[in-house]
Amino acid sequence: MTATLAPPREPGSPAPASSRRLAERVFRVREFGIIAVLVVFVAVTAAIQPRFLSSTNIQFILVDATIFALLALGETIVVITRNVDLSVGSVLGLSAFLTARLASSTHGLPLVLVFLAGLGIGLLCGIANGLMVTLGRVPSLVVTLATLYIIRGADVLIVGGSQVVPSSYYPSFLTMSKATVGGIPDLAIVVAVVIAGGAYWLRTYRSGRELYAIGSNPDAARLAGIPMGRRVFTAFALSGAIAGVAGVLWASRYGTVDSTAGTGYELQVIAAVVVGGVAIFGGSGSVVGAAIGALLLQTINSALYVLGVSPNWDQAIAGFLLIVAIVLDRIISLRLTASLRRRSARRGS
Amino acid sequence: MGPGEEDGRRSPGADNGEPAGDSPEAPAPDSPAAPGPEADSPAAPGPEADSPAALDPDAPVVLSLERVSKSFGAVRAVIDGSIELRAGEAHALLGENGAGKSTMVKILAGVHQPDSGTLLVNGQPAELHGPAGAIGAGIAIIYQEPTLFPDLSVAENIFMGRQPLRRGRRIDGREMTAEADALFTRLGVRIDPGRIARGLSIADQQLVEIAKALSLNARVIVMDEPTAALSAVEVARLFDVISALRADGAAVLFISHRLEEVFEICQRVTVMRDGRHVLTSPLAGLSAGDLVRAMVGRDMPERVPGERGAPGQVQLTVQRLTREGVFTDVSFEVRAGEIVALAGLVGAGRSEVARAIFGIDRYDAGTVTAGGRQLKKGSPTAAMAAGIGFVPEDRRQQGLVMEMSVQQNVALASLATLRKAGIIRASAEKSFASDWAVRLSVKYGRLTDPVSMLSGGNQQKVVLAKWLGRRPSILIVDEPTRGIDVGTKADVHQLLDSLAGEGIAVLMISSELPEVLRLADRILVMREGRLAAEFAQAEASEETIMAAATGQLEAQAR
């Protein structure tokens, strides 16, 4: 991303050019690193168990990863501002149940309206989070931890012991998550486009850049006259709305929806975001990286299953990868700081 | 302002503001604001921008703060502050640490709203609602501490919130880089606009801040110690830029402790002391001594009539202590029964030296020897074992555990002596604490009250009690009386004096010169990370210390 901002320089200034190359390399390495791990994982798994690369399995992985990647998009927008949204799993669950019931009770309703309903439910939750964080000045960790339980509680109250079963839907609700183009699920394509749009926004619009500024140095952002409250509020509203849409996809993917849908997703999403190279204390990282992080974690889950490893290992391995990602991130940023400082010192002397 | 000059010079202000072709980017709306009477008189040659003495007395006032005050709780940071800035001038704002300069800057930045007083922008009453309001009013601030976004590129740091746009309101990265490059060319420095800000040297960060202020095309530019981190070449470039800004009709408020720079670049000066406006005057005709007197302004304080004998053995020896970029080659010793003060300006590296001695911060070279033993680097435990006590600058953050009781805080550094089989006995803790609280006449309700309920002065006594409970042979105190009321301050002074009388070696850091002169046997003055001068108590005065701290001694020697 740094590279696109900087036009080539005349050869008269070697030092800055080399530092940019260094920064470039690091940014490349970051996403390259995740992709490399992903490729190695797929290759090793496929070598042991070729069934892993069957088109059905790939489709399942992609659809599951799509839901997480979408959540990771919203979460990244929030994390970049040095906040966190722990309520995404609960929002997904509430939206999944309500939209599933809508889709099973009013047959013939256009799919667009079902999605809009999910988006609206999520947006309301996101707005509530955003208001409490910005107007109430309560740390987002506390606010969203509270709404995690409140929304889940509301979900349980509404759902009770009931559940929506696949046979009650009109067929197109279920088939939308099965449709493919050239072996790739439609949903994955649509979500990839949405994520690309999000990445473009964060990179090329003032409001997007200001989110990074807020997370990178809140005091400086205030002094630069950035409307911090409005930006952070927007981030939470977006995260909520996105989680609401993800709820619709979840209902379509799994069919059976009860009050436990999406339980614990928040931490998996944050894991994906961090593995994808987004700094947990804000200011840097990309939604593309986060999406790849989601894909990687999903691939690992699936690979462990295909290889016959007990699913009990899933969480331990996901946690281990998280630590690897954080350690890598630390090493890279320390290296970068040290080398940039050395250069500055040389220049200064 | 000399009334005699006023008749002699009658060049129109607008003329001074816009020399033909020199300021292609100077925004036009400013010229109508220039007062009219002489506007159509034949163009007299405007004063030369690079001659510091030249200020057109009829230049319009672009900004004035009149009789503003600002309090933070009980602390009255500014009581009666006034600044008037004219188009085309560089105006110095001087004062000791804590005189209220930074608060004035923050009022101009829109960060603080004044409690009373008026702000006029181009003669119109104005209110600055937040930093965006100040930017909108054409005021740019270069802060002493750079405020950059470490994760973003240099170009983005300059243009955040104001990035150049292309079709569809998208940021035009190419244009942004080009504009940043142009700004750096103007400043005569080479910084890659595409690199991220993290890792830039302080000087480079300061230059990015300056570029940011330039990019605003502001009419008023406030520079809070912009040269502190710059090399001589960069300072010269900055001064050229200031001259160019003046030629464009902007006003520069220049804050610096280096008086020679003030004389070199500024035309007028405002001095503040203890939150009040002391004087505003053209610099021509004033000497550095006049300015120092105006800043210090108090009578010589009386020395505490201590009955201290001659100092004893050397307790603390610091040799060639260096931490890259912070302090360099600092050597001194402190003897038993002696109070040595480290004076100097905020940011001269005094606290950093103290922290390094106590092992909180590491150092790159040099040695610290306490009680005959060389101390391990970066180990407060070793320092404490060698008998050093350390009363930090920020007692609330570093000296006390605010939620814990008076008793627990006093006992905190002496737990090893108060425990039996690993368990701290409350009764022992209590008698220990009440012992020390009485000796230091700490005023408290109950020993079990949280220490946060005490006044600042009594909190400081608790910190002192905590360390005295360890019976240190060396005590380092950093700004021991900052923010403490007058009565308690006298108590603390008395206490330090009697501690030295008991044979403790005291190293005191203080920005309050009266305090330094009252207590210290010897005064070491630091300037920009180095020891600049050493005075015995008898030969020191506020003037000589300030002169050494601001580099006037060297200037005179040259």
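Residues numbered from 1 in each chain as written. Chains lettered and ligands numbered in written order. Predicted model: local features only at pLDDT ≥ 70, side-chain atom pairs only at ≥ 80, totals over all residues.

## Examining the overall build of chain B
Point 1. If you tally the helices and strands in chain B, you get 21 helices and 24 strands.
Point 2. In chain B, which comprises 558 residues, the share counted as buried stands at 49%.
Point 3. Pairs at least 24 residues apart make up 68% of the contacts formed inside chain B by residues separated by at least 6 positions. (Helix = DSSP H or I, 4+ residues; strand = E, 2+ residues; numbered from the N terminus. Buried ≥ 20, exposed ≤ 12 C-beta atoms within 10 Å, placed from the backbone. Contact = placed C-beta atoms within 7 Å.)

## What about the pairing of strand S9 (residues 220-224) of chain B?
Put simply, side chains in a regular strand alternate between the two faces of the sheet.
Residue and element names in this part refer to chain B.
Point 1. A large share of S9 lies buried, amounting to five of its five residues.
Point 2. Pairing between strand S6 (residues 139-142) and S9: four bridges, direction parallel. When the sheet's bridge partners are listed, Ala 140 is paired in S9 with Ile 221.
Point 3. Relative to strand S10 (residues 251-255), S9 runs parallel, the two being bridged by five bridges. Note that in S10 the partner of Ile 221 across the bridge is Val 252. (Pairing = 2+ DSSP bridges.)

## Observations regarding the environment of Ile 135 of chain B
Point 1. Topologically, Ile 135 of chain B is positioned in helix H4 (residues 130-136).
Point 2. Not counting residues within four places of it along the chain, the set of residues in contact with Ile 135 of chain B comprises Gly 225 of chain A together with Leu 216 of chain B.

## Remarks on helix H11 (residues 350-358) of chain B
Residue and element names in this part refer to chain B.
Point 1. Most of H11 is tucked away: eight of the nine residues are buried.
Point 2. Buried within H11 are the following residues: Arg 350, Glu 352, Val 353, Ala 354, Arg 355, Ala 356, Ile 357 and Phe 358.
Point 3. Trailing H11 by a residue or two, Gly 359 shows a phi angle of about 90 degrees, which is positive.

## Considering the domain arrangement of chain B
Residues and elements named next belong to chain B.
Point 1. Domain assignment breaks chain B into domain 1 (62-148 + 201-296), domain 2 (150-199), domain 3 (301-387 + 472-558) and domain 4 (402-471).
Point 2. Averaged C-alpha coordinates put domain 1 and domain 2 at centres separated by 25 Å.
Point 3. Taken together, the contact pairs twelve residues of domain 1 with 15 residues of domain 2.
Point 4. Those elements that place two or more of their residues in the side of domain 1 that touches domain 2 are helix H7 (202-215) and helix H8 (232-247).
Point 5. In terms of residue count, H7 provides more of the side of domain 1 that touches domain 2 than any other element does, eight residues in total.
Point 6. Split by residue class, the side of domain 1 that touches domain 2 holds seven nonpolar, one polar and four charged. (Domains from an automatic or database assignment. Nonpolar A, V, L, I, M, F, W, Y, C, P; charged D, E, K, R; others polar.)

## Notes on the sheet that holds strand S14 (residues 327-335) of chain B
All names here are of chain B.
Point 1. In space, the four strands of this open sheet follow the order S14-S13-S16-S17, with antiparallel pairing throughout. At either end of the open sheet lies a strand with only one pairing partner, and these are S14 and strand S17 (373-374).
Point 2. One ladder, built from two bridges, connects strand S16 (residues 365-370) with S17; its direction is antiparallel. The partner of Ala 370 across the bridge, within S17, is Arg 373.
Point 3. Its contacts with the sheet place H11 against strand S13 (314-323), S14 and S16, and it is angled at close to 115 degrees to S13. (Axes fitted to C-alpha atoms, helices over the stretch in contact; angles between N-to-C directions.)

## A word on helix H12 (residues 265-275) of chain A
Residue and element names in this part refer to chain A.
Point 1. By the criterion of burial, H12 is predominantly enclosed, with ten of the eleven residues buried.
Point 2. Looking only at H12, the buried set comprises Tyr 265, Glu 266, Gln 268, Val 269, Ile 270, Ala 271, Ala 272, Val 273, Val 274 and Val 275.
Point 3. One or two positions beyond H12, positive phi appears at Gly 277, with a value near 90 degrees.

## Section: the sheet that holds strand S21 (residues 474-478) of chain B
All names here are of chain B.
Point 1. Pairing is mixed in the open sheet, where six strands are placed in the order S18-S21-S22-S15-S23-S24. Single-partner strands in this sheet number two, and they are strand S18 (388-391) and strand S24 (530-536). The sheet shows a mean angle of 20 degrees between the axes of neighbouring strands, direction not considered.
Point 2. Looking at chain direction, strand S15 (residues 339-344) and strand S23 (residues 522-527) are connected through five bridges and run parallel. Paired with Gly 344 across the two strands is Met 526, which belongs to S23.
Point 3. H11 rests against S15, S18, S21, strand S22 (505-509) and S23 of the sheet, and its axis sits at about 145 degrees to S21.

## Focus on the confidence of the model for chain B
Residue and element names in this part refer to chain B.
Point 1. Taken residue by residue, chain B gives an average pLDDT of 82. The fraction at 70 or more is 86%.
Point 2. Least confident of the elements in chain B is helix H2 (residues 13-17), whose mean pLDDT is 37; most confident is helix H5 (residues 154-159), at 95.
Point 3. With a pTM of 0.73, the predicted complex shows an ipTM of 0.83. (pLDDT = per-residue confidence, 0-100.)

## Describing the packing of helix H4 (residues 88-105) of chain A against helix H6 (residues 140-159) of chain A
Residues and elements named next belong to chain A.
Point 1. The interhelical angle for the contact between H4 and H6, taken along N-to-C directions, is 20 degrees, at an axis separation of 8 Å. Relative to H6, H4 is oriented roughly parallel. Of the two possible hands of crossing, H4 and H6 adopt the one that is left-handed. Between H4, through Ser 90, Val 91, Gly 93, Leu 94 and Phe 97, and H6, the contact on the second element is made entirely by Leu 148, Ile 151, Arg 152, Ala 154, Asp 155, Ile 158 and Val 159.
Point 2. Considered class by class, the residues forming the contact of H4 with H6 number eight nonpolar, two polar and two charged. (Parallel < 35°, antiparallel > 145°, perpendicular 65-115°, else oblique. Left-handed = near helix turned anticlockwise from the far one by under 90°.)

## Quick word on unusual backbone geometry
Residues and elements named next belong to chain B.
Point 1. Of note in this structure, Arg 169 is not a glycine but carries a positive phi near 55 degrees.
Point 2. In this structure, Arg 169 sits in the loop between strand S7 (165-166) and strand S8 (170-171).
Point 3. Unusually for a residue other than glycine, Ser 441 sits at a positive phi of about 45 degrees.
Point 4. Positionally, Ser 441 belongs in the loop between helix H16 (426-439) and helix H17 (456-468).

## A short note on the environment of Gly 255 of chain A
All names here are of chain A.
Point 1. Turning to its location among the elements, Gly 255 is positioned in the loop between helix H11 (228-254) and H12.
Point 2. Spatially, the C-alpha atom of Gly 255 lies 17 Å from that of Ile 61, the residues being 194 residues apart in sequence.
Point 3. When sequence neighbours within four positions are dropped, the list of residues in contact with Gly 255 reads Pro 166 and Leu 174.

## Points about the packing of H4 of chain A against H12 of chain A
All names here are of chain A.
Point 1. At their nearest, the axes of H4 and H12 sit 6 Å apart, and the two run at 125 degrees to each other. Our classification of the angle between H4 and H12 gives oblique. Residues Val 88, Gly 89 and Leu 92 of H4 form the contact with H12, whose participating residues are Tyr 265, Glu 266 and Val 269.
Point 2. Taken together, the residues of the contact of H4 with H12 break down into four nonpolar, one polar and one charged.

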